[in-house]
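# Descriptive analysis of the structure
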Amino acid sequence: MPQSNSGQMNIFTLAQRGMSAQMVRMNAAASNLANAGSVAGSAEDAYRPLRPTFEAELDRASGLTGVRVTSVTPSDIEAIRRHDPDHPLADENGDVWEAPVDETGEMIEIMESARQYQNLVEALQTAKQLMLETMRSK
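One structure accompanies this document, and this report is about it.

Cut-offs and rules
- Residues numbered from 1 in each chain as written.
- Predicted model: local features only at pLDDT ≥ 70, side-chain atom pairs only at ≥ 80, totals over all residues.
- Heavy atoms only, no water.
- Helix = DSSP H or I, 4+ residues; strand = E, 2+ residues; numbered from the N terminus.
- Rg over C-alpha atoms; globule rule 2.2 N^0.38 Å.
- Buried < 20%, exposed > 50% of the residue type's maximum accessible area, 1.4 Å probe, protein only.
- Salt bridge = Lys/Arg side-chain N within 4 Å of Asp/Glu carboxyl O.
- Core = buried A, V, L, I, M, F, W, Y, C linked by side-chain atoms within 4.5 Å.
- Contact = heavy atoms within 4.5 Å.
- Pairing = 2+ DSSP bridges.

Tallying secondary structure elements over the chain gives two helices and five strands in all. For the chain, the α and β elements follow one another from N to C terminus as α-β-β-β-β-β-α. Expected size for 138 residues packed as a compact globule is a radius of gyration near 14 Å; at 22 Å, the chain overshoots this value by more than 25%. C-alpha extents for the chain along the principal axes are approximately 80 × 25 × 15 Å. A total of 138 residues make up the chain; the buried ones form 29% of that total.

Structure, rendered in structure tokens:
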């Protein structure tokens, strides 16, 4: 875990971890959107939406809680079976399996993660400004 010279987590490392987590969240949703509508010849080969898993991390020295990404894994949502006998990937029954991506939900995920990222940037700018004003007042 990145820490300050004193060994404690500070606002800058805390924000950096949050920003990294939001980028993972946004990239997973973008990947899901990119694969929306993709089809495969079997349920096993169909694209499954990616879901990041996060874990809170407590820095006992500072009392601050950060976040880290523990994994990015495919969801267990079943692929959507569609009868399309003319599709080149259709099986012997004429079925293909479509990626179960909720495009609206993924767009919301991207907007929320972008907003959280923006909030963290603003918090960093505020902390920097306060530090500069404190140094000028001495």
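A few words now on the pattern of salt bridges. Under the definition given, this model contains nine salt bridges. Between Arg82 and Asp84 there is a salt bridge, with the nearest N and O atoms lying 3.6 Å from each other. A relative accessible area of 22% means that Asp84 is categorised as partly exposed. Within this structure, Arg17, Glu55, Glu57 and Arg68 form a network of salt bridges that share partners.

The subject of this paragraph is the nonpolar core. In this structure, Ala40, Ala43, Ala46, Ala79 and Trp97 together form the largest nonpolar core, which totals five residues. Apart from residues lying up to four places away in sequence, Ala46 is in contact with Ala40, Ala79 and Trp97.

Direction of pairing for strand 2 (residues 50–58) relative to strand 3 (residues 65–74): antiparallel, over a ladder of nine bridges. Each residue of the ladder has a partner; that of Leu58, found in strand 3, is Thr65. Hairpin connection, strand 2 to strand 3: the antiparallel pair is bridged by six residues, and Gly63 has positive phi, about 85 degrees.

All we've got here are geometric facts, nothing functional implied.
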